[in-house]
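Breakdown of the fold
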Amino acid sequence: MHRLLTLTLLPLTLLAACQSAPTTRDNPTPADATPPPPPTPTLGDLRVTLDGAPLPVQSALVTHSGTSARTLLLSTRDIPCEEARESSRAVHEGERVLELRFTPHLQPDGSSRWTLVDLNLDGTRTPERGADLARLTLQQLPADAPTPFAFDQEVVLPANDFFGHPEVRLDLRGGGVARGCGQRAGTFDAPPTSQEQVTLTVAGQRIPIQGAALIGLDTTPRLLLSTTPLTCDGGDNADLTLELHLQPEEGQRAVRARGDLLASQHSTAIPEASLRLNDTSTAVTLQGAFTLGDLPVQLQGAITPL
């Protein structure tokens, strides 16, 4: 049974409290420890074949789009990071490109399962939906750091009649360390609006909110909370976006969730919450708990939406 989620629109009240955690010489902080040196980028023993013919990979790079997801790019050309970070990179004549997108799906115990969610060859060839890609892995590291990857799987790319492509078999073995190239250009147009007065936890993990917006006020009023900046039109590229419908139906309030931290999109309903809508209010206060599939969610605090 879902626990009650209460949303009330009230004037913003800011409270701040600071307390320093005690430290001792016998219990050093993590900052005192020397971090291990990053691995050296290398193609290692990577072996890629396409229908039995070797695919001569010359570069392996990792980028991100402002979320926790990582895209591993393998190319038959030597691609610099500046090119890999372009928002829309043109493929060179004769180049073959393999892109693999990994996301850290949250588990009920608060851990993350680093999962391959998308693979494409030359931008148009993808496996069948639901294909098992578990033996294609990427180590979770900052996207500007060299990132180890490992492969041990054959992937069937089905025929694509629209593009005139026959079925092919892509075999990926071995691994290496990809160059970390950081964030791709043109990811976000809106500035972040950190919501430090609200606490959102999913499966016990604190999720920072960087964007909030009230949308659809003339039709279906909804409150959006997102880990990335939002415009009044909303946003899709995020670790997590929560959409809370402000008008309940038959005693239930619709809640939708999407993002890179979730294994799938969620659409659920929670018991009707107490709600007052006041156009002169400058903040929304939230307090309550519910679940998204098997992930417990808690919300508490105040937000200042667009």
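First, a word on scope: everything that follows refers to the structure included in this document.

Some points on the side chain of Arg 70
Following the sequence through the fold, Arg 70 ends up in strand β5 (residues 70–75). One buried charged side chain, Arg 70, makes no salt bridge at all; its nearest oppositely charged neighbour is Asp 239, positioned 7.1 Å away. A polar atom in the side chain of Arg 70 sits 3.0 Å from the backbone oxygen of Thr 67.

Some words on the environment of Leu 98
As for its placement among the helices and strands, Leu 98 is situated in strand β6 (residues 97–106). Residue class for Leu 98 comes out buried when judged on its relative accessible area of 2%.

Considering the pairing of strand β16 (residues 252–258)
Relative to β16, strand β15 (residues 241–245) is paired through four bridges, and the arrangement is antiparallel. Paired with Glu 243 across the two strands is Arg 256, which belongs to β16. Counting the residues in the hairpin turn of β15 and β16 gives six residues, including Glu 250, whose phi is positive at 50°. Here six bridges tie β16 to strand β17 (residues 266–271), and the two strands are oriented antiparallel to one another. In the sheet register, Ala 257 faces β17, and the bridge partner there is His 266.

Observations regarding the pattern of salt bridges
Applying the stated rule across the entire model yields ten salt bridges. Two residues, Arg 89 and Glu 83, come together in a salt bridge whose shortest N-O distance is 2.7 Å. This pair shows no difference in class: Arg 89 is buried, exactly as Glu 83 is. The partner of Glu 95 in a salt bridge is Arg 89, with the nearest N and O atoms 2.8 Å apart. An identical accessibility class is assigned to Glu 95 and Arg 89; each is buried. Salt bridges sharing partners connect three or more residues here, namely Glu 83, Arg 89 and Glu 95.

What counts as what
- Residues numbered from 1 in each chain as written.
- Predicted model: local features only at pLDDT ≥ 70, side-chain atom pairs only at ≥ 80, totals over all residues.
- Heavy atoms only, no water.
- Helix = DSSP H or I, 4+ residues; strand = E, 2+ residues; numbered from the N terminus.
- Buried < 20%, exposed > 50% of the residue type's maximum accessible area, 1.4 Å probe, protein only.
- Lys, Arg positive; Asp, Glu negative; His and termini not counted.
- Salt bridge = Lys/Arg side-chain N within 4 Å of Asp/Glu carboxyl O.
- Polar contact = N/O pair within 3.5 Å; in protein donor to acceptor, adjacent residues only side chain to side chain.
- Pairing = 2+ DSSP bridges.

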